[in-house]
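What follows is the residue order along each chain.
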Amino acid sequence: MNNIDAALICKALSDTNRLQIVELLTNGEMCTCELLEHFSIRQPTLTHHLMVLSECDLVQSRKEGTRTLYSLNCGTLTKFREFIAGLTCKR
């Protein structure tokens, strides 16, 4: 993962709602209606947060009938974790 991609993910995760969405999705796929149950925001605001997370490729979506299901992109999350793990302190 390059610095630009890591910075986009960091920016996306700097919002507490988006961080909570990622935490919720660690339990598996969820639709918008399921995610909304955990927030006191309106559906358009949730959609915006999901769009930001999708733009940095941290969250992916798929259609199932009329519902859109969201899940973490494990490939991107793994690369980000490896990038962060590579940051070390020299003492």
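Above this note sits the structure.
Residues numbered from 1 in each chain as written. Predicted model: local features only at pLDDT ≥ 70, side-chain atom pairs only at ≥ 80, totals over all residues. Heavy atoms only, no water.

A. The arrangement of the side chain of Asn73 in detail. Mapped onto the secondary structure, Asn73 falls in the loop between β3 (67-72) and α5 (74-85). Engagement of the side chain of Asn73 in a polar contact is seen with the backbone nitrogen of Gly75, the distance being 3.1 Å. Aside from chain neighbours lying at most four places away, what touches Asn73 is Asp57, Leu58, Val59 and Gln60. (Helix = DSSP H or I, 4+ residues; strand = E, 2+ residues; numbered from the N terminus. Polar contact = N/O pair within 3.5 Å; in protein donor to acceptor, adjacent residues only side chain to side chain. Contact = heavy atoms within 4.5 Å.)

B. Up close: the pattern of salt bridges. Here the structure, examined in full by the defined rule, presents three salt bridges. Residue Glu64 pairs with Arg62 through a salt bridge whose shortest N-O separation is 3.3 Å. With a shortest N-O distance of 3.9 Å, Arg67 and Glu64 are connected by a salt bridge. Within this structure, Glu29, Arg62, Glu64 and Arg67 form a network of salt bridges that share partners. (Salt bridge = Lys/Arg side-chain N within 4 Å of Asp/Glu carboxyl O.)

C. Spotlight on the pairing of β3. Among the six residues in β3, five count as buried, and that is most of the element. The pairing of strand β1 (residues 30-31) with β3 spans two bridges and is antiparallel. Paired with Cys31 across the two strands is Leu69, which belongs to β3. Pairing of strand β2 (residues 59-64) with β3 involves six bridges; the strand directions are antiparallel. When the sheet's bridge partners are listed, Val59 is paired in β3 with Leu72. (Buried < 20%, exposed > 50% of the residue type's maximum accessible area, 1.4 Å probe, protein only. Pairing = 2+ DSSP bridges.)

D. Region of interest: the nonpolar core. Within the largest apolar cluster, 21 residues are counted, with the highest numbers of intra-cluster contacts made by Leu13, Ile21, Leu25, Leu35, Leu53 and Leu58. Mapped onto this core, the elements with two or more residues apiece are α1 (3-13), α2 (16-25), α4 (43-55) and β3. Not counting chain neighbours up to four residues away, the residues in contact with Leu35 comprise Leu24, Leu25, Met30, Leu46, Leu50 and Tyr70. (Core = buried A, V, L, I, M, F, W, Y, C linked by side-chain atoms within 4.5 Å.)

E. Quick look at the environment of Thr68. Structurally, the position occupied by Thr68 is in strand β3. With sequence-adjacent residues up to four places away left out, Thr68 is seen in contact with Met30, Cys31, Thr32, Ser61, Arg62 and Lys63. There is a polar contact of 3.1 Å between the side chain of Thr68 and the side chain of Lys63.

F. How the structure looks around the sheet that holds β3. The sheet built from three strands is open, its strands ordered β1-β3-β2 with antiparallel pairing. Either end of the sheet is taken by a strand with one partner, and the two such strands are β1 and β2.

G. Structural view of the environment of Leu25. Positionally, Leu25 belongs in helix α2. Residues contacting Leu25, with those up to four places away along its chain left out, are Met30, Leu35, Val59, Tyr70, Ser71 and Leu72.

H. Structural view of α1. Within the span of α1, buried status applies to Ala6, Ile9, Ala12 and Leu13. In an axial view of α1, the angular spread of the buried residues amounts to 125°, which keeps them on one side of the axis. Seen from the open side of α1, the exposed residues pointing more than 90 degrees away from its buried face are Asn3, Ile4 and Lys11. Packing partners of the buried residues in α1 comprise α2, α4 and α5. If you check the start of α1, you find a side-chain oxygen 3.0 Å away from the backbone N of Ile4, and it comes from Asn2. (Arc of directions from axis to C-beta.)

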